[in-house]
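The residues making up each chain are set out below.
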Amino acid sequence: MTTHTAASLAERFGLTVRGDGNVALHGVGTLAEAGPDQLAFLANPKYRNQLASTRAGAVVMKEADAEGYEGTVLLARDPYVAFARISALFAPIPERAPGIHPSASIDPSAEVAADAHVGAFVAVGARSRIEAGAVVGPGCVIGEDCVIGAGSELVARVTLVTRVRLGQRVRIHPGAVLGAAGFGIAMDNGHWINVPQVGGVVIGDDCDIGANTCIDRGAIEDTVLEEDVRLDNHIQIGHNAFIGAHTAMAGGVAVAGSARIGRYCMIAGMAGIAGHLEICDRVVITAMSMVTSSIREPGEYSSGLPLMDNRTWRRNAARFRHLDELARRIPRADK
Amino acid sequence: MTTHTAASLAERFGLTVRGDGNVALHGVGTLAEAGPDQLAFLANPKYRNQLASTRAGAVVMKEADAEGYEGTVLLARDPYVAFARISALFAPIPERAPGIHPSASIDPSAEVAADAHVGAFVAVGARSRIEAGAVVGPGCVIGEDCVIGAGSELVARVTLVTRVRLGQRVRIHPGAVLGAAGFGIAMDNGHWINVPQVGGVVIGDDCDIGANTCIDRGAIEDTVLEEDVRLDNHIQIGHNAFIGAHTAMAGGVAVAGSARIGRYCMIAGMAGIAGHLEICDRVVITAMSMVTSSIREPGEYSSGLPLMDNRTWRRNAARFRHLDELARRIPRADK
Amino acid sequence: MTTHTAASLAERFGLTVRGDGNVALHGVGTLAEAGPDQLAFLANPKYRNQLASTRAGAVVMKEADAEGYEGTVLLARDPYVAFARISALFAPIPERAPGIHPSASIDPSAEVAADAHVGAFVAVGARSRIEAGAVVGPGCVIGEDCVIGAGSELVARVTLVTRVRLGQRVRIHPGAVLGAAGFGIAMDNGHWINVPQVGGVVIGDDCDIGANTCIDRGAIEDTVLEEDVRLDNHIQIGHNAFIGAHTAMAGGVAVAGSARIGRYCMIAGMAGIAGHLEICDRVVITAMSMVTSSIREPGEYSSGLPLMDNRTWRRNAARFRHLDELARRIPRADK
């Protein structure tokens with residue numbers, strides 16, 4: 001069992017301890033459920049009222065929130081960040097011993113670093129390379145000409161179809177599919193033909209890619225994620241999209257082909273972004289919004305509608321069908 | 001070939017037979033396509049006009065619908081339920097013999113009940129347990145510290161990442177991923193860091209989880225589905241969400257982290273539910289709605305817009321951009 | 001390295017060459033990036049301005065666009081189609097030698113054509129058949145009673161659960177799940193029961209099915225895709241849906257159960273289509289639209305809202321809550 005005192009954590013992470021620094025902590029918990037040997041945190045003001053009744057051995061929070069609290073406190077400028085760092089000390093680390101599982105099927109032309117881990121039922125195709133310390137969990141399929149950079153982890157059942165190059169410390173969750181053929185079709189005499197998708201996928205260092213997320217390979221050039229892009233589950237990235245560094249997307253977002261998204265953007269859940277447009281740096285898109293043209297100014301953007309009881313919604317939605325006519329009947333301001 | 005007479009089915013399921021009870025039935029069919037040796041049903045009034053021409057050997061329906069119909073009828077208060085129960089008698093049951101496929105890779109510390117079925121290319125991690133009569137189909141990956149309760153079925157290619165505990169008679173369809181790390185990130189000096197996700201996932205008895213659905217593990221405490229929750233395909237359940245018993249969600253719904261949803265709710269397809277909110281019991285959300293705040297009254301709720309021809313839609317949508325200005329120009333009722 | 005001259009390509013594909021027909025081409029590139037030994041194309045007028053600076057050895061385009069361009073041109077009525085055909089000559093073709101990988105697990109009652117390819121860790125269930133020249137990539141799971149038609153390709157990690165019959169030259173991308181039990185449930189005394197899903201899935205010739213897409217099997221009859229249907233990633237097709245030939249759907253579309261969609265329809269990304277309705281041939285649905293009733297006229301249809309800055313959106317959305325009341329206050333045109 002891992003044990004740290006509040007004082008030792010404060011020293012390690014540059015925090016200020018207030019109260020009993022000798023309290024011994026064995027793990028983390030929520031404000032509502034943590035016991036006297038656990039560390040909790042307060043970052044979302046929504047949960048501030050839980051401070052009065054918490055039994056946590058210590059709480060990470062901002063100085064302003066700590067006023068009047070009598071328990072042990074670790075003061076942090078950003079309590080969530082501090083908590084994340086401390087929590088990593090207590091987190092269980094699954095065993096992934098170096099070596100190749102005897103069931104794995106590795107093409108003779110592939111390279112696997114001596115200290116990489118390759119799990120059960122992993123297939124690795126021709127000319128692919130798994131670099132130092134990388135982990136390829138059970139059931140992954142790596143096609144031809146892929147690179148898994150040093151320290152990267154494919155948790156389990158990840159597919160890299162072909163020409164997918166991952167940087168270092170990339171983590172990919174189960175069910176994700178990178179490098180599938182982009183959706184490129186052309187109508188020829190009443191029948192679709194495929195446009196060959198000869199590009200690849202390039203993923204920068206420290207990216208994190210969620211479960212069942214898809215990143216298609218490019219039609220000619222590559223689909224690109226710069227470093228530290230964070231994708232939640234069920235995200236779709238079309239061929240030749242480009243996602244700038246440090247951009248984060250929540251579950252269910254779809255980005256169509258050849259869209260170019262800037263750095264430090266935040267795209268909330270189920271937003272849709274059309275193809276062949278540009279979004280500049282530091283744009284926030286709220287949930288379920290539809291983006292159909294370029295955005296050239298940082299800021300927060302939205303579409304979608306708020307929830308109503310069904311009767312009210314029906315009446316309003318019926319009016320929307322005639323909004324233009326209604327608008328024409330409104331007297332002009334200048335009349 | 002399984003054969004039942006209409007009369008024997010009536011007796012078995014407490015229904016009333018009208019017409020020829022000796023008709024022999026070998027299977028089920030739709031009203032439009034069933035033959036004289038098949039049972040059909042009428043539940044959706046949309047299909048009532050098919051009754052006149054059906055060739056079905058017998059039809060399950062409500063008494064009110066049976067008036068004037070001359071064929072054999074099984075009268076039921078709830079024809080859909082009665083049909084479901086009867087249909088199960090005829091349904092083909094795939095062979096899943098007890099035992100562990102020789103290709104499976106089972107950690108020495110894992111436990112597998114003698115009468116459980118473990119299919120080809122299944123990996124089971126440390127300290128996981130597969131209970132009596134459970135079926136783990138081909139290609140599943142079970143990580144560390146998981147439990148698959150008695151009589152549960154993982155159809156094929158399901159991933160339980162870590163700390164996922166399934167109750168009894170849970171069924172999970174292919175491609176589903178339970179227990180992946182929740183999307184917990186904190187921005188630290190311009191770079192994202194991961195917040196360790198040390199919780200697990202708890203799934204109650206009789207839950208059904210659709211293909212390619214994702215249920216992330218909790219950040220600190222567990223993500224929870226109570227008993228008899230029914231999730232369709234492509235659903236996303238964020239970390240620490242709580243879904244009450246008997247709630248059903250159609251395809252493509254996303255529930256963000258720490259949302260708490262009540263019992264007997266019905267969430268239609270592609271609805272989005274924001275995080276850190278509560279929805280009470282018996283709430284119905286219509287398709288593609290966006291829920292961004294708590295719902296405290298049972299009832300039906302909606303957002304979204306109805307379909308229009310593109311020209312009309314363009315005009316109306318353009319007006320929506322200025323709806324607030326337009327509204328200000330409308331004369332007050334009291335003027 | 002494959003090499004073709006512009007003149008030989010023109011002859012092969014019935015195009016007209018203008019400029020130096022002897023230019024040797026080794027591959028394809030974009031207008032912006034192609035070098036003197038690569039072929040580029042111009043189809044989207046958005047990229048016409050790149051013509052002035054392109055270094056491409058030859059460019060496929062329409063005659064109208066070629067005016068004033070001094071480089072080598074391949075004139076085509078449909079440059080995108082011509083490019084697609086030419087590009088296929090240069091595209092790398094992964095090696096898929098005939099034969100069954102030694103790790104594969106094939107039920108004794110299954111049939112595999114001698115020249116089919118079955119990859120590592122593939123499981124094939126009872127009575128399934130893999131026809132001539134078909135490719136079943138690594139990690140696929142084929143259940144009972146499935147057919148994989150001649151020349152079809154399951155790229156990797158595809159699941160056909162049961163009773164899935166694929167036509168010829170069907171391609172299915174990783175993570176797709178066909179034939180999972182449809183979402184058929186009935187409420188019986190406060191508890192859900194499953195309605196057995198005894199139908200199958202039928203996929204016509206030349207269909208293309210995207211990564212992580214799901215096509216559920218029918219409740220009684222089959223779920224059907226006619227020939228040449230093109231589905232992008234993350235699409236959900238509910239039980240007993242019917243999709244007409246040559247219809248294409250972009251990423252994230254969901255089609256609920258028993259919907260019937262015509263031929264040559266185009267459904268843009270993240271649109272939702274309710275169940276038990278009909279859409280006629282040649283309907284276009286724009287992105288994120290919601291279709292809740294039948295469409296009987298060809299044409300383009302939309303719902304959804306355009307993006308706004310968040311402040312403006314908040315004001316407009318708040319007004320939408322009261323749109324019906326507002327409308328009642330607008331003076332009638334005839335007053």
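Residues numbered from 1 in each chain as written. Chains lettered and ligands numbered in written order. Predicted model: local features only at pLDDT ≥ 70, side-chain atom pairs only at ≥ 80, totals over all residues. Heavy atoms only, no water.

Draft legend 1. Representation of the relation of the copies chain B and chain C. It takes a turn of 120° to lay chain B on chain C, together with a shift of 0.0 Å along the axis; the resulting RMSD is 0.0 Å. Taken together, the turn and the small shift mark the pair as related by a three-fold rotation axis. (Least-squares fit on C-alpha atoms with pLDDT ≥ 70 in both.)

Draft legend 2. Seen up close, the packing of aromatic side chains. Inspection of the entire model under this criterion finds 12 aromatic pairs over all chains. With centroids separated by 5.7 Å and ring planes inclined at 70°, the aromatic side chains of Phe121 of chain B and Phe121 of chain C adopt a geometry described as edge-to-face. Note that Phe121 of chain B is positioned in the loop between β11 (117–118) and β12 (123–124) and Phe121 of chain C in the loop between β11 (117–118) and β12 (123–124), a pairing that runs across two chains. With a relative accessible area of 7%, Phe121 of chain B lands in the buried category. With centroids separated by 6.3 Å and ring planes inclined at 65°, the aromatic side chains of Phe320 of chain B and Phe320 of chain C adopt a geometry described as edge-to-face. One end of the pair, Phe320 of chain B, is in helix α4 (residues 310–320); the other, Phe320 of chain C, is in helix α4 (residues 310–320), on a second chain. Classification of Phe320 of chain B by relative accessible area gives buried; the value is 0%. Three or more aromatic residues link up through ring pairs in this structure, and these residues are Phe41, Tyr80 and Phe83 of chain A. It is Arg260 of chain A that lies over the ring of Phe242 of chain A; its NZ or CZ is 3.9 Å from the centre. The side chain of Arg282 of chain C reaches across the aromatic face of Tyr264 of chain C, ending 4.3 Å from its centre. (Phe/Tyr/Trp six-rings, centres within 6.5 Å; stacked < 30°, edge-to-face > 60°. Helix = DSSP H or I, 4+ residues; strand = E, 2+ residues; numbered from the N terminus. Buried < 20%, exposed > 50% of the residue type's maximum accessible area, 1.4 Å probe, protein only. Lys NZ or Arg CZ within 6 Å of the ring centre and 35° of its normal.)

Draft legend 3. Layout of the interface of chain A and chain B. Contact with chain A, which involves 73 residues of that partner, is made by 79 residues of chain B. Here chain A and chain B share an interface that buries about 6,000 Å² over both sides, 64% of which is from carbon and sulfur atoms. For the chain A face of the interface with chain B, the top three residues by lost area are Arg157, Leu307 and Phe320 of chain A, together amounting to 13%. When the shortest N-O distance is used, the salt bridge between Arg315 of chain B and Asp324 of chain A registers 3.5 Å. Linking chain A with chain B are 35 residue pairs in polar contact (both at pLDDT 80 or more), by the criterion used here. Sorting the residues of the side of chain A that touches chain B by element identifies α3 (79–90), β28 (230–231), β31 (248–249), β40 (308–309), α4 (310–320) and α5 (323–329) of chain A as the ones contributing at least two each. (Contact = heavy atoms within 4.5 Å. Buried area = accessible area lost by both parts, 1.4 Å probe. Salt bridge = Lys/Arg side-chain N within 4 Å of Asp/Glu carboxyl O. Polar contact = N/O pair within 3.5 Å; in protein donor to acceptor, adjacent residues only side chain to side chain.)

Draft legend 4. Expanded view of the sheet that holds strand β29 (residues 236–237) of chain B. All names here are of chain B. If you trace the 10 strands from one edge of the open sheet to the other, you get β9-β12-β15-β18-β21-β26-β29-β32-β35-β38, paired in parallel fashion. Across the chains shown, the open sheet's two edge strands, defined by having one partner strand only, are β9 (105–106) and β38 (290–291). With 2 bridges joining them, strand β26 (residues 214–217) and β29 adopt parallel strand pairing. By the bridge assignment, Cys214 is partnered in β29 with Gln236. (Pairing = 2+ DSSP bridges.)

Draft legend 5. Geometry of the sheet that holds strand β5 (residues 38–41) of chain A. Residue and element names in this part refer to chain A. Ordered in space as β2-β7-β6-β5-β4, the 5 strands form an open sheet in which the pairing is mixed. The sheet is open, and its two edges are formed by β2 (16–18) and β4 (27–28), each paired on a single side. Alignment of β4 against β5, held across 2 bridges, turns out to be parallel. Counterpart to Val28 in the pairing with β5 is Leu39. Across the sheet, helix α1 (residues 6–13) lies against β2 and β7 (72–75), angled at about 5° from β7, the strand it touches most. Packing of α3 onto the sheet brings it into contact with β4, β5, β6 (58–61) and β7, and relative to β5 it is tilted by some 155°. (Axes fitted to C-alpha atoms, helices over the stretch in contact; angles between N-to-C directions.)

Draft legend 6. How the structure looks around the interface of chain B and chain C. Counting residues at the interface gives 73 residues for chain B, matched by 79 residues for chain C. Around 6,000 Å² of area is buried between chain B and chain C when both sides are counted, 64% of it from carbon and sulfur atoms. Summed over the shared surface of chain B and chain C, the number is 4 salt bridges. At the junction of chain B with chain C, the criterion picks out 35 residue pairs in polar contact (both at pLDDT 80 or more). Elements represented by at least two residues in the side of chain B that touches chain C include exactly α3 (79–90), β28 (230–231), β31 (248–249), β40 (308–309), α4 and α5 (323–329) of chain B. Sort the elements by how many residues they give to the side of chain B that touches chain C and α3 of chain B lands first, with 7 residues. Examined bridge by bridge, β40 of chain B and strand β39 (residues 299–302) of chain C share 2 bridges and lie antiparallel to one another. Residue Asp309 of chain B lies in a different strand from β39 of chain C, and its bridge partner there is Tyr301 of chain C.

Draft legend 7. The UniProt feature "active site" (unreviewed entry) in chain A, seen in detail. Residues and elements named next belong to chain A. As recorded in UniProt, the sites labelled "active site" (unreviewed entry) are His239. Within the element layout of this structure, His239 appears in the loop between β29 (236–237) and β30 (242–243). Apart from residues no more than four positions distant in its own chain, His239 is found in contact with Gly182, Phe183, Gly184, Gln197, Asp216, Arg217, Gly218, Ala219, Thr223, Gly257 and Ser258. At 2.7 Å, the side chain of His239 and the side chain of Gln197 are in polar contact. (UniProt positions renumbered as here; feature names shortened; annotations may be inferred.)

Draft legend 8. Representation of the pattern of salt bridges. Inspection of every chain in the model, using the stated rule, returns 42 salt bridges over all chains. The salt bridge partner of Arg127 of chain A is Asp145 of chain A, with a shortest N-O separation of 2.7 Å. Taken as a pair, Arg127 of chain A in the loop between β12 (123–124) and β13 (129–130) and Asp145 of chain A in the loop between β15 (141–144) and β16 (147–148) lie far apart in primary sequence, 18 residues in all. Look at the salt bridges and you will find they share partners, linking Arg315 and Arg319 of chain A together with Asp324 and Arg328 of chain C into a network.

Draft legend 9. Here's a closer look at the environment of Leu277 of chain A. Residues and elements named next belong to chain A. Along the chain, Leu277 turns up in the loop between β35 (272–273) and β36 (278–279). With relative accessibility at 5%, the residue Leu277 sits in the buried group. When neighbours within four sequence positions are excluded, Leu277 is seen to be in contact with Ser258, Ala259, Arg260, Val291, Thr292, Ser293 and Ser294.

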